[in-house]
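# Structural characterization, general
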Amino acid sequence: MVDPQKTVAQQAQAQAQAQAQAQAQPGAVPPHGPTLVAGGASSSLRHESAHLHVAGEARYVDDVPLPPNAVHVALGLSSRAHARILSMDLGAVQAYPGVVCVLTAHDIAHHNQISSVGAGDEPLLAEDHVFFCGQPLFAVVAQTRHAARHAAVLAKVEYADLPAVLNIEQARAQGSALVCRSLEMTRGNAVQALASAPRRLAGQLAIGGQEHFYLEGQAALAWPGEDGEMRVCSSTQHPTETQHMVAHVLGCPNNLVTVEVRRMGGGFGGKETQANIVACLAALAAARTGRPAKLRLDRDDDMMITGKRHDFVIDYDVGFDEQGHVLGVDMELAARCGWSADLSGPVTDRALFHADNAYYYPDVRLRSMPLRTNTQSNTAFRGFGGPQGAAAAERVMDEIAFVTGLDPLDVRLRNVYGITERNITPYHMTVEDSIAGEVMTQLAQECDYRKRRAQIREFNKTSPHMRRGIALTPVKFGISFTATHFNQAGALVHVYTDGSVQVNHGGTEMGQGLHTKMVQIAMREFGLPQDRVRITATTTGKVPNTSATAASSGADLNGMAVLAAVRTIKDRLITFAATKWQVLPEQVRFTAEGVGVGDTLVPFATLVNAAYMARISLSSTGFYKTPKISWDAATGRGRPFYYFAYGAACAEVVVDLLTGENRMERVDILHDAGLSLNPDIDIGQIEGGFVQGAGWLTMEELFWDPSGRLRTHAPSTYKIPACSDRPRIFNVKLMENLPNREETIFRSKAVGEPPFVHGLAVLHAISDALASVDDYRTYPGLNAPATPEQILRVAERLRSKGGVGHAQVHT
Amino acid sequence: MRQHISFYVGDTLHTLSNLPPEMTLLDWLRDQQNRAGTKEGCNEGDCGACTVLVGRLEQGALVWRAVNACIHMVWMLDGAQLLTVEDVRGADGQLHPVQQAMVDEHGSQCGFCTPGFVMSMVALSTRADLAELEGTLDGERIINEALAGNLCRCTGYAPIVRAMKKAAAYCAEHGEPISARTPELTARLRGLQDGKTVELRSPEGRVTLPASVDALASAYAQDPAAVLVAGGTDVGLWVTKRLRQLPHIIAVRTAQDLHKVHTRPDGALWIGAGVTYTEAMPHLVAHLPAAADTLRRIGSTQVRNAATVCGNIGNASPIGDGPPIFMAAGAQLHLRCGPEHRVVPLEAFFLEYGKQDIRPGEFIEGVLIPPLAQGSVCGVYKVSKRFDQDISAVLGAFVLLLAEDGTIEQARLAYGGMAGIPCRAKKAEAALVGQARTQATLLAAQAAIKEDFTPLSDMRASAWYRATVAANLLARLFDTGATGNPSNSQTLENWQEVAHG
């Protein structure tokens, strides 16, 4: 039984030990027990495509050789943020040498509509109105990409401008039209708790958006087949949805469309729905011309057209006591959603789900405000609103610490979720696995947080322009799609008669190592080396009705589906072997040396071939659905998450007060990946996720001019972190011996999105450095992104003191 | 006169005569050579996914330079040896040590940027001073510099840096396989050098590759409408982004006599129009040590390997980093039109945004940078949103000449990013001259800066930020002077405080 005196980590460890002991009983070796094959699941293995990546042999959509009759597509884009189209003269476009045809909304005979949530507000090509600057108006189909691009700029479009709403401030001023319903979560009585709290503060946090900047831009190649068939190679995270959208636009049943993805050159959420635009237009061009058609967006077009991470303005009002305990929280989270709903509903929901980050709010009210604007339709991006919500929680903790004079780490530790009490979230889910406090405490010890903080304060007393800061922040990230039905997955595993194995599943590979982990699961179960297990391109023709590879769920869902398929085949082989060699099923074991049948060792290929001769099926599907979860948005109650992933980061920065420039001196991260499926790959996810998160909060800035034109639409103007921006000292560790309490794939935890949130430590370290300007008397109220300009503004405000801050303190 | 170009790709000799002038190397490789390993990430020279290696004989020795294929034009390869990611494996198919280290250290995730990284890393691994790369802070700086032009969105760079160190250690011990082919490749390239002017003609237009400055002068005088292209890091974007067609290109870097970079007996540094930033770097650093940290942040390694110092002046960008530095140093620009030569002070060359003191058919032959006078205090500060490979929000380049008593005798304060052209802050200079370096003097100069400039607001920075930083950089200069250390010891570039713990 669970001992309440023990920590969750200790309990989980005890469980794992008990399991290991059970497995060690002689004669009771379970047929599916872990084997020792090198590189199998729960050990490190190199990325299955690494040898291809480094040699330039890994194929992406644009690298697929084209037949000579292929055509290329380029797009004509709106130059206005909001306007009625008066006329569109495409004569010069059509006449450009090499142009085959030009497609407009009128050429879409069936559905000119690609809203992924069925909102009906997202025409593939603009009809009589444009809703943002960059909206696709028409598609040029030409013999060469060069001709298509040159022709596309020759259109003459007349507009009648309409009032444009560009940002959160304008949207609120103009009545706050929403792209979807607002969500409210309440527990207890926040208003009363705030009114009766000994201390209270209110403020506002503005937090910027983020361009995905996947290195491979959006691309799709469509091959028309016989009888209306369409095969699409797409750089998509969601092949099933892309399949459905293509069929929808072409007006054909789903069974005529096959979508295939070998790999993406990065996705980060940006190819979940946004890939559909490109795939549908390529398919439309292929259907119209009867020729293979490719659309690969130029980087600038890609950034002008596709949605980004939502920027938020978060208003918070919080009551607390002198010891820093939060008593009541009231927050409104307003997001710029862009011109259409896209995924803004679930994104803003997830912001609310994470507006507590790792902290218990006794009485709480949270509201989302998904605002419609005349900008790109913001979409999924690693964390999916969660990081923005967590940013609000961390701002609140930091500011409480500031006004009470406590170390922010102490305030954080005092407010983390308990295990048996103080463990109910604002959405009424009981947190059963909270380890945020332990992770923070362990990290603080290992990186010497408290001593360094004191030294930094000392240093800042005598340094005129260079100021240092340090912060330690946790993450608790909910794992599962909040749309419950997405929490299912399928796999298809074939064993061939030579004993080689092919693994297919519904997840897509975008660099995160999902395919590697799936191979490792089959390796571990069958006891096979890597070269006997082959992963194939993801295709809707093999595994149908899949979910997006998103929400960090790829390995959790597909891993269990692969395991189910593999075990079905294993069970058949076990039954067969037990009968053939007259042993008990428990005496058949799959090991790295071969299949142990009683006292004999049978090579896997021999067993497989014998099973084939005996007419045993060597192929199986596998299916998985996440247990325990439920969510009702109408009541704001449920258990939307199967479990939480945890971690903590400590960042130390130096800030130059003359220019606002800054640098990460040292970052330490301790992260919970459960019993990691592949520790090396998971550490890679943490390192990369952290740097991406730090980039979001520091240098990455989206800038729209007053006419609504995005001016940061290429890497020359939009700056993601470069090599020298990584922390000078960068220590990343996994929590050890901490199996997932829930029955996930080999007790691992999802690792895609949670580490992104660690970037918040950098924002708070910069804030800590800035607080020194006014000798820690004025709260910096630093917004994100903390660009050099933003930092210098805060520094100048603190220097002059008494300036109007973003946060007003009421006591 | 030759009417074709010749170059090697891997071990294959290509001889081309019919080539659209603006055909980029990336399009040629991917669309015509089925070399899909070289990726297009941005098509503007910023992400590095298309990085390839160009080998050339420099002073007779084979030197490898990483360049961005997306903004490199095919004709630029005349006489060169090109290596793409498909060419760096050993003859036996074995991965290059860099490739192997990238595999072993999990240096690739999505893999799309990886070929570009591999090529930048191979370029670094061919360096003779590889052994120094390991461990030291300087080593990390060299790696950062070599990889500043390669963006990765997945890994956070840490495993790539680990791979680079591992590969460097391996190559230092066992040798670098491409360097081992130097004698053979050198001989091969010698065979391609004939010193002839080349004229390429195609239905789309022509390219003139003059062998000498005289040939260049004559070709440009005959067709002043032609576009001069040196490194192409700017003109490349006219092609890839503005979709411009260039019916007549005249190359600058093929004129061998424009490649001189040397210090004259009077101490002045001459940089010919064909000299890249990479080639000029050691000379510039020796000449203007205070500019070293900024010079290495101009563009990226790939950009500096192609871009010329004089091209950076000639394109007259208000945010180019070279011009304010050279202006503060009192540089003079040497112009030529046909047979005529003319010399203008650099600051007089820039008239207003988009307008320079240059006539049709006239071109830059070189820039002459005088030595800093004894007693000068020099500060050069680049401020940008991102540390590496970013266009400056503000660049301040300052030279103060001090009398023995510390009084400021002369002041040259040049700024980029503050106006439509790079220019001097004359009012602030006036506020300094004749004054002691006191707080009052600083405040007066800072106030004058606000009078000197009315900067723009754009996506890089607001007018407020530019004006504030422009003034704050003077404070930095005063700090520097006060410590008597003429280096940028106060900037983040040189921030040496190592974190505790």
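Since we're looking at a predicted model, the values are computed, not measured.

## Some words on the UniProt feature "domain: FAD-binding PCMH-type" (unreviewed entry) in chain B
UniProt records the feature "domain: FAD-binding PCMH-type" (unreviewed entry) at residues 200-374 of chain B, using the numbering of this structure. Taken as a whole, residues 200-374 of chain B contains 31% helix and 27% strand, while its terminal C-alpha atoms sit 50 Å from one another.

## Focus on the domain arrangement of chain A
Residues and elements named next belong to chain A. Splitting chain A by domain gives domain 1 (8-60 + 488-625), domain 2 (64-163 + 212-305) and domain 3 (312-482 + 633-801). A straight line from the C-alpha centre of domain 1 to that of domain 3 covers 37 Å. Linking domain 1 with domain 3 are 1 salt bridge. The shortest N-O distance in the salt bridge between K517 and D682 comes to 2.7 Å. In this structure, the connection of domain 1 to domain 3 is made through 8 residue pairs in polar contact (both at pLDDT 80 or more). Secondary structure elements with two or more residues in the side of domain 1 that touches domain 3: helix 1 (8-24), helix 15 (514-526) and helix 16 (554-581). Examining the composition of the side of domain 1 that touches domain 3, we find that 8 residues originate from one element, helix 1, more than from any other. Partitioning the side of domain 1 that touches domain 3 into residue classes produces 15 nonpolar, 16 polar and 5 charged.

## Focus on the pairing of strand 14 (residues 326-338) of chain A
Residue and element names in this part refer to chain A. Taking burial as the measure, the 13 residues of strand 14 include 12 buried ones, the bulk of the element. In the sheet, strand 13 (residues 312-320) pairs with strand 14 via 9 bridges, with the strands oriented antiparallel. Its bridge partner lying in strand 14, G319 is registered against G328. Where strand 13 hands over to strand 14, the hairpin turn is made up of 5 residues, of which G324 adopts a positive phi near 85 degrees. One ladder, built from 10 bridges, connects strand 14 with strand 15 (residues 363-372); its direction is parallel. Bridge pairing links L333 to S368 in strand 15. In terms of handedness, the path from strand 14 via helix 10 (residues 344-353) over to strand 15 forms a crossover that is right-handed.

## With respect to the environment of B:V161
Residue placement: B:V161 occurs in helix 5 (residues 158-174). A sequence separation of 17 residues divides B:V161 from B:N144, and the C-alpha atoms of the two residues are 8.3 Å apart. For B:V161, the contacting residues outside a window of four places in its chain are A:C723, A:R726, B:E140 and B:I143.

## Describing the confidence of the model for chain B
Residue and element names in this part refer to chain B. Looking at chain B as a whole, the pLDDT averages 94, with 96% of positions reaching at least 70. The low-confidence segment residues 482-489 (pLDDT under 50) makes 13 contacts with residues lying over four places distant or belonging to another chain. Across the whole predicted complex the pTM is 0.95, and at the interface the ipTM reaches 0.96.

## A look at the pattern of salt bridges
Applying the stated rule across the entire model yields 91 salt bridges over all chains. A salt bridge links B:R30 to A:D62; the nearest nitrogen and oxygen atoms lie 2.9 Å apart. Remark: A:D62 occurs in the loop between helix 2 (50-53) and strand 1 (71-77) and B:R30 occurs in helix 1 (residues 25-32); the pair is interchain, linking two chains. Between B:R141 and B:D293 there is a salt bridge whose closest N-O contact spans 3.4 Å. Here B:R141, found in helix 4 (residues 137-147), pairs with B:D293, found in helix 10 (residues 292-295); they are 152 residues apart in sequence, far enough to count as distant.

Rules behind the numbers
- Residues numbered from 1 in each chain as written.
- Chains lettered and ligands numbered in written order.
- Predicted model: local features only at pLDDT ≥ 70, side-chain atom pairs only at ≥ 80, totals over all residues.
- Heavy atoms only, no water.
- UniProt positions renumbered as here; feature names shortened; annotations may be inferred.
- Helix = DSSP H or I, 4+ residues; strand = E, 2+ residues; numbered from the N terminus.
- Domains from an automatic or database assignment.
- Salt bridge = Lys/Arg side-chain N within 4 Å of Asp/Glu carboxyl O.
- Polar contact = N/O pair within 3.5 Å; in protein donor to acceptor, adjacent residues only side chain to side chain.
- Nonpolar A, V, L, I, M, F, W, Y, C, P; charged D, E, K, R; others polar.
- Buried < 20%, exposed > 50% of the residue type's maximum accessible area, 1.4 Å probe, protein only.
- Pairing = 2+ DSSP bridges.
- Right-handed = clockwise from strand over helix to strand, strands pointing away.
- Contact = heavy atoms within 4.5 Å.
- pLDDT = per-residue confidence, 0-100.

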